[in-house]
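Each chain, written out:
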Number of protein chains: 2
Amino acid sequence: MITSKDNSKYKLWLKLSQKKHRLAEQLFLVEGEHLVNEAATAGVIDTLLVCEGVAFEADADAAITYLARPLFEKLASTVTTAGVMAVCRMWESHMKAHNRLLLVDDVQDPGNLGTLIRSALAFGFDGVVLSEDTVDLYNDKVVRATQGALFYLPIHRTNLTTYITQLQQAGTTVYATALTDDAKPMAEIPKQTSLAFVVGNEGAGVNKDLIAVCDGSVIIAMTEAVESLNVGVAGSILMHHFNDIG
Amino acid sequence: MITSKDNSKYKLWLKLSQKKHRLAEQLFLVEGEHLVNEAATAGVIDTLLVCEGVAFEADADAAITYLARPLFEKLASTVTTAGVMAVCRMWESHMKAHNRLLLVDDVQDPGNLGTLIRSALAFGFDGVVLSEDTVDLYNDKVVRATQGALFYLPIHRTNLTTYITQLQQAGTTVYATALTDDAKPMAEIPKQTSLAFVVGNEGAGVNKDLIAVCDGSVIIAMTEAVESLNVGVAGSILMHHFNDIG
């Protein structure tokens, strides 16, 4: 059991609340039994952390590191971790197919990004690609909102302008969610083999530069009383409509 | 301009961060230009608050109360209010029709409730009915996530079991979003004149007692990799499918 706040590993784990340290160490934290179990199934647990006095049935191959209660509580970002956390290794995920992709342009709200990833997995999308300025995937609120989906879905981060051009060269049609003059209602877009959709920032929408390189724009029909939908909702409605769940 | 933190009105406004005081005073706060403008259009502004030094073009009929900057900043729950807030009166909203209703059973996350209300307005629903234990509608995070939709949509709070029975007696068919044995995929449910849908708590789903009184259950098809969708997403996909936008 680790009882000293000066323990070098513990000091490193505390730093994982900051993006730059997560990147440098290629490690991030997940909290609560559900996410810890998903991380265990995915085989990415570096250290399984359990609060002193908490009974936790670990998988056979995961050694438990116990933390003194004050240390555990300081490390946890939420109150309801139920005494279990895991330090996880970041991993390289390979995109097996490119038939259904969600491209995320500068989304800032962690809950929105997590929800989009959860829906992408639910609707059989092949992967999610984040713009360079989208909120960090390993932010604790993003991880929580994915409900573990991030462990099962290839997720990359890259320059979207370049990426869209590459997709188009490989035969994928790319639509931006945007209210352009030529935007088509969702139902009018043919369900081709290979499609990608770009969702945008909560306030600004999809960047104009990106809209310009896309093959077209898609809109979801709604009443005039509302300017726009929540981005997590809009992306999920699109992914539900163009789902690939067989 | 109010400059003293001992000003009696100011002291009252500070208390509006707590649900019990909002209820007692029948007042709540909205922040930022967009929401303040929506509140003005809806005619529910009690006091328009502007931070000293901020230029704000108010509607002709709204008198501005200026607040000294430290007072304004203490009252604001977010950093990005852009110097404008409004104290709003709660109002009685009358439900004009009952053809499309969303019933919200014990949803706890403010963002999820706000998103559901925003989508309900977008998809032409006639109203939203909250269970007694659903998060407070006038919580600042709920208000923000509605993006102003709460000013345009009838929203009631009542005992859902009783309410569902009343709806059924009036000819509405009520579906719970639940994985019961007899649950039907969304696409198999006829688009009748009068439909209501119950969405449930983030962790527990729709209460069993409510599922028992509903006419049936509805599910959204998805891959087995995911246990459930975010409740804001699930409700929005349903409302999009059964929309009443003409």
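Analysis parameters
Residues numbered from 1 in each chain as written. Chains lettered and ligands numbered in written order. Predicted model: local features only at pLDDT ≥ 70, side-chain atom pairs only at ≥ 80, totals over all residues. Heavy atoms only, no water. Helix = DSSP H or I, 4+ residues; strand = E, 2+ residues; numbered from the N terminus. Rg over C-alpha atoms; globule rule 2.2 N^0.38 Å. Buried < 20%, exposed > 50% of the residue type's maximum accessible area, 1.4 Å probe, protein only. Core = buried A, V, L, I, M, F, W, Y, C linked by side-chain atoms within 4.5 Å. Contact = heavy atoms within 4.5 Å. Phe/Tyr/Trp six-rings, centres within 6.5 Å; stacked < 30°, edge-to-face > 60°. Buried area = accessible area lost by both parts, 1.4 Å probe. Salt bridge = Lys/Arg side-chain N within 4 Å of Asp/Glu carboxyl O. Polar contact = N/O pair within 3.5 Å; in protein donor to acceptor, adjacent residues only side chain to side chain. Nonpolar A, V, L, I, M, F, W, Y, C, P; charged D, E, K, R; others polar. Pairing = 2+ DSSP bridges. Axes fitted to C-alpha atoms, helices over the stretch in contact; angles between N-to-C directions. Parallel < 35°, antiparallel > 145°, perpendicular 65-115°, else oblique. Left-handed = near helix turned anticlockwise from the far one by under 90°. Right-handed = clockwise from strand over helix to strand, strands pointing away. pLDDT = per-residue confidence, 0-100.

1. Considerations on the overall build of chain A
Here's step 1: When its secondary structure is counted, chain A shows nine helices and 11 strands.
Here's step 2: Taken against the 2.2 N^0.38 rule, which gives 18 Å for 246 residues, the C-alpha radius of gyration of chain A at 20 Å falls within 12% of a compact globule.
Here's step 3: Overall, the C-alpha framework of chain A stretches about 60 × 35 × 30 Å when taken along its three principal axes.
Here's step 4: Across the 246 residues that make up chain A, the buried fraction comes to 52%.

2. Section: the nonpolar core
Here's step 1: Within the largest apolar cluster, 142 residues are counted, with the highest numbers of intra-cluster contacts made by V30(A) and V30(B).
Here's step 2: Not counting the four nearest positions on each side in its chain, V30(A) is found in contact with L35(A), V36(A), A39(A), M85(A), A86(A), C88(A), V143(A) and F151(A).

3. Topic: the packing of aromatic side chains
Here's step 1: One pass over the structure, following the stated rule, counts 12 aromatic pairs over all chains.
Here's step 2: Ring centres 6.2 Å apart and planes at 45° place the aromatic pair F28(A) and W91(A) in the tilted group. Taken together, the residues F28(A) in strand 1 (residues 27-31) and W91(A) in the loop between strand 4 (84-89) and strand 5 (100-104) connect sequence positions 63 residues apart.
Here's step 3: Judged by its relative accessible area of 0%, F28(A) falls in the buried class.
Here's step 4: Between Y175(B) and F197(B), the ring centres sit 6.2 Å apart and the planes meet at 20°, which makes this aromatic pair stacked. Note that Y175(B) is positioned in strand 8 (residues 173-177) and F197(B) in strand 10 (residues 195-199), a separation of 22 residues in sequence. Each member of the pair, Y175(B) as well as F197(B), is classed as buried.

4. Points about the interface of chain B and chain A
Here's step 1: Residue-level contacts link 25 residues of chain B with 25 residues of chain A.
Here's step 2: Of the roughly 2,100 Å² buried between chain B and chain A, counting both surfaces, carbon and sulfur atoms make up 70%.
Here's step 3: Viewed at the interface, chain A and chain B are joined by zero salt bridges.
Here's step 4: Our count for the contact surface shared by chain B and chain A stands at eight residue pairs in polar contact (both at pLDDT 80 or more).
Here's step 5: Split by residue class, the side of chain B that touches chain A holds 13 nonpolar, 10 polar and two charged.

5. Looking at unusual backbone geometry
What is expected of a backbone is that most residues other than glycine have negative phi and most peptide bonds are trans.
Here's step 1: Phi angles above zero are rare outside glycine, and D106(A) is one such case at about 60°.
Here's step 2: Its relative accessible area of 17% is what places D106(A) among the buried residues.
Here's step 3: Residue Q147(B) is not a glycine yet carries a positive backbone phi of 60°.
Here's step 4: As for its placement among the helices and strands, Q147(B) is situated in the loop between helix 6 (140-146) and strand 7 (155-157).

6. What about the sheet that holds strand 3 (residues 64-67) of chain A?
Strand pairing in a sheet relies on backbone hydrogen bonds, with the paired strands running either antiparallel or parallel.
Residue and element names in this part refer to chain A.
Here's step 1: Reading across the sheet, the four strands line up as 1-4-2-3 and stay open at both edges, with mixed pairing between neighbours. A single partner strand is all that each edge strand has here, and the edge strands are strand 1 and strand 3. Taking each pair of neighbouring strands and ignoring which way they run, the sheet shows an average axis angle of 25°.
Here's step 2: Taken together, the five bridges between strand 2 (residues 45-51) and strand 4 define a ladder with antiparallel strand orientation. Note that in strand 4 the partner of T47 across the bridge is V87.
Here's step 3: Of the strands in this sheet, strand 1, strand 2, strand 3 and strand 4 are in contact with helix 1 (residues 8-15), which crosses strand 3 at around 85°.

7. Brief notes about the sheet that holds strand 5 of chain A
All names here are of chain A.
Here's step 1: On the basis of which strands lie adjacent, the open sheet formed by seven strands has the order 7-6-5-10-8-11-9 and parallel pairing. Here the strands that pair on one side only, and so sit at the sheet edges, are strand 7 (155-157) and strand 9 (184-185).
Here's step 2: For strand 9 and strand 11 (residues 216-219), the ladder comprises two bridges, and the chain directions are parallel. Within the sheet, the bridge partner assigned to P185 lies in strand 11 and is I219.
Here's step 3: This element, helix 7 (residues 160-169), spans strand 5, strand 6 (127-130), strand 8 (173-177) and strand 10 (195-199) of the sheet and lies at about 160° to strand 5.
Here's step 4: The sheet contacts of helix 9 (residues 231-241) involve strand 5, strand 8, strand 10 and strand 11, and relative to strand 10 the element is tilted by about 170°.

8. Some words on the packing of helix 9 of chain A against helix 9 (residues 231-241) of chain B
Here's step 1: Relative orientation of the contacting elements helix 9 of chain A and helix 9 of chain B amounts to 60°, with a least axis distance of 9 Å. Between helix 9 of chain A and helix 9 of chain B, the angle falls in the class oblique. For the crossing formed where helix 9 of chain A meets helix 9 of chain B, the hand is right-handed. Residue-level inspection shows G232(A), V233(A), S236(A), I237(A) and H240(A) of helix 9 of chain A in contact with helix 9 of chain B, the latter providing G232(B), V233(B), S236(B), I237(B) and H240(B).

9. A closer look at the pairing of strand 5 of chain A
All names here are of chain A.
Here's step 1: Burial of strand 5 is extensive: five of the five residues sit out of reach of the surface.
Here's step 2: By the alternation rule, side chains of strand 5 split into R100, L102 and V104 and L101 and L103, which are all buried.
Here's step 3: Bridging between strand 5 and strand 10 involves five bridges; their strand directions are parallel. Directly across from V104, in strand 10, lies its bridge partner V199.
Here's step 4: Between strand 5 and its parallel partner strand 6, the chain crosses via helix 5 (residues 110-122), and the hand of that crossover is right-handed.

10. Describing the confidence of the model for chain A
Here's step 1: Of the residues in chain A, 97% have a pLDDT of 70 or more, and the chain-wide mean is 94.
Here's step 2: Prediction confidence for the complex, expressed as pTM and ipTM, is 0.95 and 0.94 respectively.

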